[in-house]
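# Structure at a glance
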Amino acid sequence: MLKAIMNGCNGHMGRVISDLCAQDDGIQIAAGIDIHTEQRYDYPVFMKIEDCDVEADVIIDFSHVSCVDAALQYSVKKQIPIIVCTTGLSKEQEEAVKDASKKVAVLKSANMSLGINTLMELLKTAAKSLAPAGFDIEIVEKHHNQKLDAPSGTAIALADSVNEGMDHIYEYKYDRSGERRKRQKQEIGIQSVRGGNIVGEHEVFFCGTDEVISFKHTAYSKAIFAKGAIEAAKFLAGKPAGLYDMGDVIRG
């Protein structure tokens, strides 16, 4: 059975992942790391990852930006592959992720949902066919009223997928209110809605003459991110050093 270290085990996502792993015969949380060392499950909890002396096959990091550096250093030192699910990393930390991937397997993705990452692959293909035919591309994302950033990292990742399919020809337009001009062909509009307790909704529109094609993903709970992290852990364990993403998990 695959053994994992859960960095951020007592956070919301850490608890969801722990609950799912308890029902999965293929993976087990062998140890947890959290500044709150309450033991909610049957595995030991350490305040600092460097104090963890439990053998494991993979690290799942759903913690805080302040904990990522130590997790990467531990991963490299112990040669344990790591999945970095924590968002909001600084440029320096992004570079640290790349440096670590030269020595150990590292998987990082803007969104751990298998559905979102499948959508990213579909968008690359759609863009290659529809953009040259004159279709305009717009993205609308919706989240709960407590979300601090706008647009969402996932919306930008979706735009990046379109851009990747088109050799990076598009600029991103987040706000048109400050300019009085027509929409430019080489832009992707990204708009944000914040309200209620919306977990997450992203819709990508390809708008042509007399027809519109849309791709939509709706998240009904954060469990989808936990499920994706678990699948990523199963994929990454035993992989050689390198930088991976959820696209690699989907492609197998």
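Computed from a predicted structure; not experimentally measured.

This brings us to helix H6 (residues 223-236). Taking 1.5 Å as the rise per residue, H6 with 14 residues should run 20 Å; its terminal C-alpha atoms sit 20 Å apart, in good agreement. Downstream of H6 by one or two residues, Gly238 has phi in the positive range, about 85°.

Attention shifts here to the pairing of strand E7 (residues 136-143). Across 7 bridges, the pairing between E7 and strand E10 (residues 200-208) is antiparallel. Within E10, the residue paired with Glu141 across the bridge is His202. In the sheet, E7 pairs with strand E9 (residues 187-194) via 7 bridges, with the strands oriented parallel. Opposite Lys142, over in E9, you have Val193 as the bridge partner.

Attention shifts here to the pairing of strand E4 (residues 58-61). Here E4 shows two buried faces, one formed by Val58 and Ile60 and the other by Ile59 and Asp61. Pairing analysis gives 4 bridges linking strand E1 (residues 2-7) to E4, with the strands arranged parallel. Residue Met6 lies in a different strand from E4, and its bridge partner there is Ile60. Both E4 and strand E5 (residues 82-84) contribute to a ladder of 3 bridges, which runs parallel. Each residue of the ladder has a partner; that of Ile59, found in E5, is Ile82. Once you follow E4 into helix H2 (residues 65-78) and on to E5, the crossover reads as right-handed.

With that settled, consider the side chain of Ser113. Its location among the elements puts Ser113 in the loop between strand E6 (105-108) and helix H4 (114-130). Taking the relative accessible area as the measure of exposure, Ser113 reaches 2% and is therefore buried. A polar contact is formed between the side chain of Ser113 and the side chain of His217, at a distance of 3.5 Å.

Of the voids in this model, the largest pocket is the one considered here, and its volume is about 1400 Å³. As for the largest pocket, its lining consists of 48 residues, and the residues nearest its centre are Phe62, Cys85, Thr86, Thr87 and Gly88. Taken together, the elements giving at least two residues each to the lining of the largest pocket come down to helix H1 (12-22), H2, helix H5 (153-165), E10 and strand E11 (211-219). Among the elements that line the lining of the largest pocket, the one with the most residues is H2, at 4 residues. Class assignment of the residues belonging to the lining of the largest pocket gives a composition of 18 nonpolar, 22 polar and 8 charged. One number sums up the size of the second largest pocket: a volume of about 520 Å³. Around the second largest pocket sit 22 residues that line it, and Lys108, Ser109, Ala110, Met120 and Asp245 are the ones nearest its centre. If you list the elements that add at least two residues to the lining of the second largest pocket, you get helix H3 (91-101), H4, H5, strand E12 (242-244) and helix H7 (246-251). Of all the elements, H5 adds the most residues to the lining of the second largest pocket, at 6 residues.

Bringing the sheet that holds E9 into the picture now. Spatially, the 5 strands line up as an open sheet ordered E8-E9-E7-E10-E11, and their pairing is mixed. Looking at strand neighbours, the two that pair on one side only are strand E8 (171-173) and E11, the edges of this open sheet. Between one strand axis and the next, the sheet turns through 20° on average, direction left out of account. By the bridge criterion, 9 bridges tie E10 to E11 in an arrangement that is antiparallel. Opposite Gly200, over in E11, you have Ala219 as the bridge partner. Sitting on the sheet, H4 touches E10 and E11, and the angle it makes with E11 is about 165°.

Thresholds applied
Residues numbered from 1 in each chain as written. Predicted model: local features only at pLDDT ≥ 70, side-chain atom pairs only at ≥ 80, totals over all residues. Heavy atoms only, no water. Helix = DSSP H or I, 4+ residues; strand = E, 2+ residues; numbered from the N terminus. Expected span 1.5 Å × (residues − 1). Pairing = 2+ DSSP bridges. Buried < 20%, exposed > 50% of the residue type's maximum accessible area, 1.4 Å probe, protein only. Right-handed = clockwise from strand over helix to strand, strands pointing away. Polar contact = N/O pair within 3.5 Å; in protein donor to acceptor, adjacent residues only side chain to side chain. 1 Å grid on protein atoms, 1.4 Å probe; cavity = no way out; pocket = protein on both sides within 12 Å on 5 of 7 lines; lining within 4 Å. Points joined across faces, edges and corners; volume = space filled by probe spheres on them. Nonpolar A, V, L, I, M, F, W, Y, C, P; charged D, E, K, R; others polar. Axes fitted to C-alpha atoms, helices over the stretch in contact; angles between N-to-C directions. Contact = heavy atoms within 4.5 Å.

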